[in-house]
Amino acid sequence: MSASSDDFMVFSGTANLPLAEKVAAYLGKPINQINIPHFPDGETFCQVMDGVRGKDVFVIQSGSPAPNEAYMELFIIMDALKRGSARRITAILPYYGYARQDRKDQPRVPITARLIANLLEAAGADRVMTLDLHANQIQGFFDIPLDHLKAEPIILKYIRDQHWANPIVVAPDTGGAKTAYGYSRKLGCGLAIVAKQRTGGDTVESFSLVGDVKDHDVIMIDDMTATGGTLSAAAKMCRENGAKSVHAFVTHFPLTPKGADRLMTEGYLDELVVTDSIKMREGFDPSKLPFQLTQLSVAPLIGEAIRRTHNDESINDLFNHE
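Definitions and cut-offs
Note that residues are indexed from 1 along each chain, following the sequence as it is written. Confidence filtering applies because this is a predicted model: local features only for residues at pLDDT of at least 70, side-chain atom pairs given and counted only at 80 or more, and all residues used for totals across whole chains, interfaces and linings. The basis for every side-chain value is the complete set of non-hydrogen atoms in the structure, without hydrogens or water. The rule for a disulfide is simple: a pair of cysteine sulfur atoms within 2.5 Å. Burial classes: relative accessible area under 20% of the type maximum marks a residue as buried, over 50% as exposed, and values in between as partly exposed (1.4 Å probe, protein chains only). One side-chain nitrogen of Lys or Arg within 4 Å of one carboxyl oxygen of Asp or Glu is enough to make a salt bridge. Note on conventions: DSSP H or I runs of at least 4 residues are helices, E runs of at least 2 residues are strands, and numbering of each starts at the N terminus. A strand pair is defined by DSSP finding two or more bridges across the two strands. Working convention: axes come from line fits to C-alpha atoms, limited for helices to the stretch in contact. Angles between N-to-C directions cover 0 to 180 degrees. In what follows, a contact means two residues having at least one pair of non-hydrogen atoms within 4.5 Å. Think of it as the arc spanned by the lines of direction from the helix axis to the C-beta atoms. The definition of a polar contact used here is a pair of N or O atoms within 3.5 Å, where within protein one atom must be able to donate a hydrogen and the other to accept one, and adjacent residues in sequence count solely through side-chain atom pairs.

Let us look at the state of the cysteines. Counted according to the given criterion, the structure contains 0 disulfides. With no disulfide partner, Cys189 has as its closest neighbouring cysteine sulfur the one in Cys238, 13 Å distant. By relative accessible area, Cys238 is classed as buried at 0%.

This is the structure in structure tokens:
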């Protein structure tokens, strides 16, 4: 027997309340109230103001900005919901913070993406929903169901609406080649790849371009940008090789102060398109950029995934057709 739509509740942490409000509006439901004060010493407290006994509960919390605080807040909220006898708790992380720490590439370093998965389960999550993971293998870190949503349908619709005359999809690094290839097939256009050499945590030196971008409208695809280094270097190389225009598309935008400065001063892009998986950085003024910044909302995607999860319907069908 399918559950009633009245049997699920939507909660949100403080990391990305604007997105949560859009998701709730899509579902035609209110965001249920949580009181989240902080003690003078910095400890977080939480009290769920509505009864959750026997309810199917969804908690929206992005892992940025301030991932440490965002995750701790999420863990505390889920513990309160679990102790309030919620029937099922689904943690929705539009951005999975710490996703870049997904392997041991140096001696004596953690695999923090796995640690976060363990902590989510320990805090009471029965299911996790996230968007465009930095690495697909993170799905294997979970022993509970994980729904890996993709912003691809939203981005593809925007690209098609632009009607560019001569598009080509470019992967800004070799790690994104598979994703870029998928976009190129769906758009029916060519593919190019920028090979890069990272010289530091926020510095990138691009050194080769595989493919011909001359006189093309470049569609650059990546999952995230924080410092803007990869996008800027790749865009510069495309410009130097005769690209007509460069449009970058990234799902997650955890912008750092250095990244903001770089975007303000380097004008290789014509447009940067991001989603609202992360709340825009405080004090960042897009109107001062030397190019257009466009934000697409993933709220309908997350809202529909919530509805389908609650009603035991397929989420994969969201991505099987266009």
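Attention now goes to the pattern of salt bridges. Here the structure, examined in full by the defined rule, presents 11 salt bridges. For Lys186, the salt bridge is made with Glu152, and the minimal N-O distance between the two is 3.4 Å. Pair noted here: Lys186 is in helix H5 (residues 177–187) and Glu152 is in helix H4 (residues 152–162), with a separation of 34 residues, a long-range link. Within the structure, one salt-bridge network assembled from shared partners comprises Glu304, Arg307, Arg308 and Glu313.

Moving on: the sheet that holds strand E5 (residues 88–93). The pairing of strands in a sheet happens through backbone hydrogen bonds and is either parallel or antiparallel. If you trace the 5 strands from one edge of the open sheet to the other, you get E1-E4-E5-E6-E7, paired in parallel fashion. A strand with exactly one partner marks an edge of an open sheet, and here the two such strands are strand E1 (8–12) and strand E7 (146–149). The sheet shows a mean angle of 20° between the axes of neighbouring strands, direction not considered. Both E1 and strand E4 (residues 56–60) contribute to a ladder of 5 bridges, which runs parallel. By the bridge assignment, Val10 is partnered in E4 with Phe58. Against the sheet, helix H2 (residues 67–83) makes contact with E1, E4 and E5, and its axis sits at roughly 165° relative to E5, the strand it touches most.

So, about the pairing of strand E13 (residues 271–275). Burial of E13 is extensive: 5 of the 5 residues sit out of reach of the surface. Of the two faces of E13, both are covered, the one formed by Glu271, Val273 and Thr275 as well as the one formed by Leu272 and Val274. Bridging between strand E12 (residues 245–252) and E13 involves 3 bridges; their strand directions are parallel. Of the residues in E13, the one forming a bridge with His247 is Glu271. Across 5 bridges, E13 lies against strand E14 (residues 292–296) in parallel orientation. Bridge pairing links Val273 to Thr294 in E14.

Turning to H4, its buried residues number three or more, namely Glu152, Ile155, Leu156, Tyr158 and Ile159. Axial view of H4: buried residues confined to an arc of 160°, hence all on one face. Buried positions along H4 lie against H5, strand E11 (217–224), E12, E13 and E14. Looking one or two residues past H4, His163 carries a phi angle of roughly 55°, positive in sign.

Right, let's talk about the environment of Ser12 for a bit. With respect to the helices and strands, Ser12 occurs in strand E1. The spatial distance from the C-alpha of Ser12 to the C-alpha of Ile34 is 8.0 Å, given a sequence separation of 22 residues. Non-local contacts of Ser12, meaning those with residues more than four positions away in its chain, are made with Leu17, Ala20, Ile31, Ile34, Ile60 and Ile77. At a separation of 3.5 Å, a polar atom in the side chain of Ser12 contacts the main-chain carbonyl oxygen of Ile60.

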